[in-house]
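Listed below are the residues making up each chain.
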Amino acid sequence: MPADIGPTDIAVVGFAQMPAVRRSIETEVQMLVPVITEAITMAGIDRREIGFTCSGSCDYLTGGPFAFVQNLEAAGAWPPIAESHVEMDGAWALYEAWVRLLHGDIDTALVFGSGKSSASEPLDLWPQQLDPYHLAPLGVDPASLAGLQAQAVLDTGRATERDLAEVVARSRRNALANPHAQLRGEVDVDALLAEPYVRQPLRRHDLGPISDGAAALVLARGERARQLCERPAWIRGIDHRTEPHLPGLRDLTTSASTALAARKAGYDGGPLDVAELHAPFSVQEVVLAQSLGLPEGTDVNPSGGALAANIVMAAGLIRIIEASARIMDGSASRALAHATNGQLLQHNLVCLLEGS
Amino acid sequence: MSVAKEDLVMTHLVSLTYRDTLPPTLNRFVDGLFDGRIVGHRCPSCRRVYVPPRGYCPLCVVTTGPDDEVEVSDRGILTGFTVITPVAYYGQQATDPFVHASARLDGADTTLVGVDITGVPHDQLHMGLRVRAVWKPEEERTAEGITSRGWGGVTTFIDSFEATGEPDADPKDYQEHMF
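Please read all numbers here as calculations on a predicted model, not as lab measurements. (Residues numbered from 1 in each chain as written. Chains lettered and ligands numbered in written order. Predicted model: local features only at pLDDT ≥ 70, side-chain atom pairs only at ≥ 80, totals over all residues.)

A. View of the overall build of chain A. Per the secondary structure count, chain A includes twelve helices and twelve strands. Based on the C-alpha atoms only, the size of chain A along its principal axes is roughly 55 × 45 × 40 Å. A burial count over chain A gives 61% of its 356 residues as buried. (Helix = DSSP H or I, 4+ residues; strand = E, 2+ residues; numbered from the N terminus. Buried ≥ 20, exposed ≤ 12 C-beta atoms within 10 Å, placed from the backbone.)

B. Region of interest: the overall build of chain B. Secondary structure assignment for chain B yields one helix and eleven strands. Listed by position from the N terminus, the elements making up chain B come as α-β-β-β-β-β-β-β-β-β-β-β. In chain B, which comprises 179 residues, the proportion classed as buried is 27%. For chain B, the proportion of contacts with a sequence separation of at least 24, taken over those separated by at least 6, is 61%. (Contact = placed C-beta atoms within 7 Å.)

C. How the structure looks around the sheet that holds strand S10 (residues 299-300) of chain A. An order of S3-S2-S4-S7-S1-S8-S12-S11-S9-S10 (chain A) is seen for the ten strands of this open sheet, with the pairing classed as mixed. Two strands bound the open sheet, and with one partner strand each, they are strand S3 (83-86) and S10 of chain A. (Pairing = 2+ DSSP bridges.)

D. Just unusual backbone geometry, in detail. The linkage connecting Trp78(A) with the following residue, Pro79(A), adopts the cis geometry, with an omega of 0 degrees. Residue position: Pro79(A) is located in the loop between helix H3 (67-71) and S3. Here Val51(B) and Pro52(B) are connected by a cis peptide whose omega angle stands at -5 degrees. The backbone phi angle of Phe66(A) is positive, close to 60 degrees, even though this residue is not glycine.

E. Highlighting the packing of helix H10 (residues 256-264) of chain A against helix H11 (residues 282-292) of chain A. All names here are of chain A. At a minimum axis distance of 9 Å, the contact between H10 and H11 shows a crossing angle of 45 degrees. The angle between the axes of H10 and H11 places the two elements in the oblique class. Regarding H10 and H11, the two cross each other, and that crossing is right-handed. Note on element contacts: H11 touches H10 through Leu288, Ser291 and Leu292, opposite Thr258, Ala259 and Ala262. In terms of residue class, the contact of H10 with H11 is made up of four nonpolar, two polar and no charged. (Axes fitted to C-alpha atoms, helices over the stretch in contact; angles between N-to-C directions. Parallel < 35°, antiparallel > 145°, perpendicular 65-115°, else oblique. Left-handed = near helix turned anticlockwise from the far one by under 90°. Nonpolar A, V, L, I, M, F, W, Y, C, P; charged D, E, K, R; others polar.)

F. The arrangement of the environment of Gly316(A) in detail. Residue and element names in this part refer to chain A. Within the fold, Gly316 resides in helix H12 (residues 315-328). Assessed through the 33 C-beta atoms surrounding it within 10 Å, Gly316 is described here as buried. Note: C-alpha distance between Gly316 and Ala339 (23 residues apart in sequence) is 4.2 Å. With residues up to four places along the chain from it excluded, the contact list for Gly316 reads Asp89, Gly90, Ala91, His278, Ala339, Thr340 and Leu349.

G. Layout of the interface of chain A and chain B. If you look at the interface, chain A gives 27 residues, while chain B gives 20 residues. Those elements giving two or more residues to the side of chain A that touches chain B turn out to be helix H1 (28-43), H3 and helix H5 (122-130) of chain A. For the side of chain A that touches chain B, the class distribution of residues is twelve nonpolar, ten polar and five charged.

H. Quick look at the nonpolar core. Residues and elements named next belong to chain A. Ile36, Val111, Ala216, Leu219 and Leu317 are the most contacted members of the largest nonpolar core, which totals 152 residues. Looking at which domains feed residues into this core, each of domain 1 (10-119 + 210-233) and domain 2 (122-209 + 236-354) gives three or more. Each residue touching Ala216, except ones within four places of it in the same chain, is listed here: Phe15, Ala16, Val35, Ile36, Ala39, Leu110, Val111 and Phe112. (Core = buried A, V, L, I, M, F, W, Y, C linked by C-beta atoms within 7 Å. Domains from an automatic or database assignment.)

I. Just H10(A), in detail. Residue and element names in this part refer to chain A. Restricting attention to buried positions, one finds in H10 the residues Ser257, Thr258, Ala261 and Ala262. Buried residues of H10 fall within an arc of 135 degrees about the axis and therefore sit on the same side. Elements in contact with the buried residues of H10: strand S8 (233-242), H11, strand S11 (334-341) and strand S12 (347-354). Downstream of H10 by a residue or two, Gly266 has a phi angle that is positive, lying close to 100 degrees. (Arc of directions from axis to C-beta.)

J. View of the environment of Val283(A). Residue and element names in this part refer to chain A. With respect to the helices and strands, Val283 occurs in helix H11. Looking at Val283, the number of C-beta atoms within 10 Å reads 28, which means it is buried. Sequence separation between Val283 and Arg204 is 79 residues; the distance between their C-alpha atoms is 13 Å. Excluding anything up to four places from it in sequence, Val283 contacts Ala146, Gln149, Ala150, Val153, Leu164 and Asp206.

K. A look at the sheet that holds strand S10 (residues 130-135) of chain B. Residues and elements named next belong to chain B. Taken in spatial order, the six strands line up as S8-S7-S6-S10-S11-S9 in an open sheet, and their pairing is mixed. If you trace the sheet from one side to the other, it starts and ends with strand S8 (111-115) and strand S9 (117-118), each paired once. Relative to strand S7 (residues 98-105), strand S6 (residues 75-84) runs antiparallel, the two being bridged by eight bridges. Following the sheet pairing, Thr82 is matched in S7 by His100.

L. A look at the domain arrangement of chain A. Residues and elements named next belong to chain A. Parsing chain A into structural domains produces domain 1 (10-119 + 210-233) and domain 2 (122-209 + 236-354). Summarising the inter-unit geometry, the C-alpha centres of domain 1 and domain 2 are found 22 Å apart. Counting residues at the interface gives 36 residues for domain 1 and 31 residues for domain 2. Elements represented by at least two residues in the side of domain 1 that touches domain 2 include exactly strand S1 (10-17), helix H2 (59-62), helix H4 (90-102), strand S4 (108-116) and strand S7 (212-221). Per element, the largest residue contribution to the side of domain 1 that touches domain 2 is six residues, and it comes from H4. For the side of domain 1 that touches domain 2, the per-class residue count stands at 22 nonpolar, ten polar and four charged.

M. How the structure looks around H5(A). Taken together, the buried positions of H5(A) are Pro122(A), Leu125(A), Trp126(A), Pro127(A) and Leu130(A). The inward-facing, buried residues of H5(A) abut H2 and helix H6 (142-156) of chain A.

N. Focus on the packing of H6(A) against H11(A). All names here are of chain A. Put simply, H6 and H11 touch, their axes get as near as 9 Å, and they point 50 degrees apart. Relative to H11, the element H6 is oriented oblique. Two packed elements cross with a definite hand, and for H6 against H11 that hand is left-handed. On H11, the residues touching Ala146, Gln149, Ala150 and Val153 of H6 are Val283, Val286 and Val287. Grouping the amino acids of the contact of H6 with H11 by side-chain chemistry returns six nonpolar, one polar and no charged.

O. Here's a closer look at the pairing of strand S11 (residues 158-163) of chain B. Here two bridges tie S9(B) to S11(B), and the two strands are oriented parallel to one another. If you follow Ile117(B) over to S11(B), its bridge partner there is Phe161(B).

Below, the structure written as structure tokens:
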């Protein structure tokens, strides 16, 4: 074990995700069963070895109270396990598992995230889930809020509508190499700009698709990570920060919480091979990249990002999986993964990953 | 300084619409119920039979499919029950005490939950009682009680269960299968 890897160093050693689809005909648990099994198999462990399990999902999506309890069946109903759940993206389940591993008494953890947005009407649902008191009665849906954010960004001159279309075109192009993406292809920026607005100044392609799917990963600590994986994706730092949820109380053209989380995670502005940013709206990728101050040459969202596959409650975790995959296959040595939660980038998590 | 204030009250009615698509596994279960048959999945690993079928075995964590389909009996064992005395809360339609029971069908390792037991005085209900399904007439059967979300029962196909008159089951046949 290299001198710089100690017992409090934690790494991704296995992962799996299912291809995002517009509408899965299976239940959320059925989607999770093969994904969790594949992640555990890749890690090379028996599921009975797992010291802690944490999941992220949202019961609002399918309207099934305590759906997250049934989801646990995919991790095995017997023998009993130590587990927890966050009503958040799976990236925050990973954060909890990382904290749990730092206690030092267990060596491995399973993390998964899943969502079936197809069962609901997301633009009606999210205002109720995110803010039923102030914003939902006004009928403000996430796409409308993102439209306000996009207009605010355009007004600063830091991006144009063409820049947003170029984000989308790059996402679709990168997604050509991603077997899990839902939207992929070569698209012409001028053709995108000719599309009508759905929430001015945003067009349909500026919004992530409605997706069903699931993802899982396995974390291991110190020596165990070394044993399980030739080149683990070490978590060099991970942090999350939040801002007031009312959009009127924040500067929507920047993401102070992302910048702070990156700093606390140890990102020093140095070179990055890859940055996987969780931006369900094109304008948010621009805001995030600028707030992080990504250096020139960083490969941003080589997977296509959330504009290509938007599995709510797993899309943030998938950013960490995609960044880890590039560390583990040797194509990257330093990567930054970001996840967001809440409305208009309210709550942000940054995870800095390295190979060694 | 005091300012006269009037409370502003705003009514905000919330409704959310869901589209619950039954997975193929449950569709086949429903098809069987329309025909008066009850099907489940037998785990290829541990051989347990799940009714309704889930498409996987939660104990072995393996997927199951049409090849694992088995038909079980519409007779079984009363494994647990509650006699509920209705309270007149908003929306409650029942007025008389009723039964909420679980039944392990012959050939199944899981129980059907939330079934009614009729024809047996409530003070004579007991675990181990042999019961059989009282099916609704074919033209009255609907799938609206079946959901993919982990609850919902077969009450839109089976009105209730009644005693068969057979001797009570051996406790070993239900003590590991009560819920």
